[in-house]
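What follows is each chain in one-letter form.
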Amino acid sequence: MVNVVVALFLSGQVNPPDRVLSQITDLTISYWSFDKKTESGLLQVHCKVASEVREIFEELHRARFPIHSIRPMAEFGWSDDESMESNNTSGFCWRTIKGSKKLSDHAFGLAIDINPRLNPHVDARGIPLSPGSYQKRTPGTIFASGPVVRAFERRGWQWGGRWKSSKDFMHFSRRIY
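Within every chain, residues take consecutive numbers counted from 1 along the sequence as written. In keeping with the predicted nature of the model, local features appear solely for residues at pLDDT of at least 70, side-chain atom pairs appear and are counted solely at 80 or more, and the whole-chain, interface and lining totals rest on all residues. Computation of side-chain values: all heavy atoms of the structure, hydrogens and water removed.

### Regarding the overall build of the protein
A tally of regular secondary structure across the protein gives five helices and nine strands. Expected size for 177 residues packed as a compact globule is a radius of gyration near 16 Å; at 15 Å, the protein falls within 12% of this value. For the C-alpha atoms alone, the extent of the protein along its principal axes is close to 45 × 35 × 30 Å. Each residue is assigned to one of three classes by its accessible area relative to the maximum for its type, calculated with a 1.4 Å probe on protein chains only: buried under 20%, partly exposed between the two thresholds, exposed over 50%. Taking all 177 residues of the protein together, the buried fraction comes to 49%. Residue contacts follow a heavy-atom distance rule, with two residues in contact if any of their heavy atoms lie within 4.5 Å. Considering only contacts in the protein between residues 6 or more positions apart, those separated by 24 or more positions represent 52%. Summed over its atoms, the accessible surface of the protein is roughly 9100 Å², and 51% of this surface lies on carbon and sulfur atoms. Charged residues are defined narrowly, with Lys and Arg counted positive, Asp and Glu counted negative, and His plus the chain ends left uncounted. Each charge is placed at NZ for Lys, CZ for Arg, CG for Asp and CD for Glu. In the protein, 24 side chains carry a positive charge and 18 a negative one; their mean positions are 7 Å apart. Numbering goes from the N terminus for both helices and strands, where a helix is a DSSP run of H or I of at least four residues and a strand is a run of E of at least two. In this treatment the radius of gyration is a C-alpha quantity, and the globule benchmark scales as 2.2 Å times the residue count to the 0.38 power. Each accessible area is a Shrake-Rupley estimate made with a 1.4 Å probe; only the visible protein chains count as cover when residues are assessed.

Here it is as structure tokens:
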């Protein structure tokens, strides 16, 4: 079935199958903004991780970890590049892994990217593979000993900043199957 799904995606059809959509839920998330105010946004995730995602973002809000925005990918025409360029925090996005035909964990609502311009994906040499710059002292940046990694890892999520080759500092994913 995955080959059919990938073929549909690659042909330009952005509508995920009903079996995937039926497992995606919308969460209204309160977050601490860069304007030092509480804002709210819509984050779409797999229903099996919804309660822990809500807990994680409540923890980040209490820690006053700044987030630029949280908007669903549909507002960006399902363009991961446009969402990242806008420094948008997102979850569900029907797409493949860049440079691959394999569906991303985002395609199942099991991955979240946070402040992507501040937490880019970099290759093994540290050269950005996505827009942005990684500076640990900049507010909104994710680092190993910080509150974001602690909140996610305590609940079984994996951080892309711990990958062996490239580092995807914005990325958290969760296996549930």
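That was the structure; now back to the text.
### A few points about the packing of aromatic side chains
Each Phe, Tyr or Trp ring, with Trp reduced to its six-membered ring, pairs with another whose centre is within 6.5 Å; inter-plane angles below 30 degrees give stacked pairs, above 60 give edge-to-face pairs, and intermediate values give tilted ones. Within the structure shown, the criterion is met by eight aromatic pairs. Measuring from ring centre to ring centre gives 6.0 Å for Trp159 and Phe169, while their planes differ by 55°; the resulting arrangement is tilted. Taken as a pair, Trp159 in strand β7 (residues 158–159) and Phe169 in the loop between β8 (167–168) and β9 (171–173) lie far apart in primary sequence, 10 residues in all. Here Trp159 falls in the buried class, since its relative accessible area comes to 5%. For Phe169, a relative accessible area of 11% gives the class buried. One aromatic cluster in this structure is built from Phe57, Tyr134, Phe152, Trp157, Trp159, Phe169 and Phe172. Its end group placed over the ring of Trp32, Arg64 keeps NZ or CZ at 4.2 Å from the ring centre. Charge-over-ring contacts are defined here by two conditions on Lys NZ or Arg CZ: a distance within 6 Å of the ring centre and an angle within 35 degrees of the ring normal.

### Remarks on the layout of surface pockets
For cavity detection a 1 Å grid was placed over the protein atoms alone, and a set of points counts as a cavity when a 1.4 Å probe fits there but cannot get out; an open set counts as a pocket when protein lies on both sides within 12 Å along at least five of seven lines, with lining residues being those that have an atom within 4 Å of a point. Grid points are joined across faces, edges and corners, and a volume is the space filled by probe spheres set on the points. The computed volume of the largest pocket comes to approximately 460 Å³. Contributing to the lining of the largest pocket are 24 residues, with Ile97, His121, Trp163, Asp168 and His171 lying nearest its centre. Within the residue set of the lining of the largest pocket, elements represented by two or more residues are α4 (80–85) and β9. In terms of residue count, the dominant contributor to the lining of the largest pocket is α4 (three residues). Counted by class, the lining of the largest pocket contains seven nonpolar, eight polar and nine charged residues. Under the scheme applied, nonpolar residues are Ala, Val, Leu, Ile, Met, Phe, Trp, Tyr, Cys and Pro; charged residues are Asp, Glu, Lys and Arg; polar residues are all the others, including Gly.

### So, the side chain of Thr141
Along the polypeptide, Thr141 turns up in the loop between β6 (121–122) and α5 (147–153). Note on Thr141: relative accessible area 3%, which makes it buried. Pairs of N or O atoms are called polar contacts if they sit within 3.5 Å, as long as, within protein, a hydrogen donor faces a hydrogen acceptor (for residues adjacent in sequence, only side-chain-to-side-chain pairs). Within the structure, Thr141 has its side chain in polar contact with the backbone oxygen of Gln135 (distance 3.1 Å). A polar contact is formed between the side chain of Thr141 and the backbone oxygen of Thr138, at a distance of 2.8 Å. Beyond its immediate sequence surroundings of up to four residues, Thr141 is in contact with Phe65, Leu118, Asn119, Tyr134, Gln135 and Lys136.

### Details of the confidence of the model for the protein
As a general rule, the predicted coordinates of low-pLDDT regions are not to be interpreted in detail. Per residue, pLDDT captures the predictor's confidence, and it can take any value from 0 to 100. Looking at the protein as a whole, its pLDDT mean stands at 91, while 92% of the residues score no less than 70. For residues 1–11, every residue scores under 50 in pLDDT, and the model assigns this stretch 14 contacts once sequence neighbours within four places are set aside.

### Comments concerning helix α3 (residues 50–62)
Each helix should span, by expectation, one fewer than its residue count multiplied by 1.5 Å. Across its 13 residues, α3 extends 18 Å between first and last C-alpha, which sits within 8% of the 18 Å expected from 1.5 Å per residue. Of the surrounding elements, those touching the buried residues of α3 are β1 (24–32), β2 (38–46), β3 (69–70), β4 (88–89), β5 (111–113) and α5.

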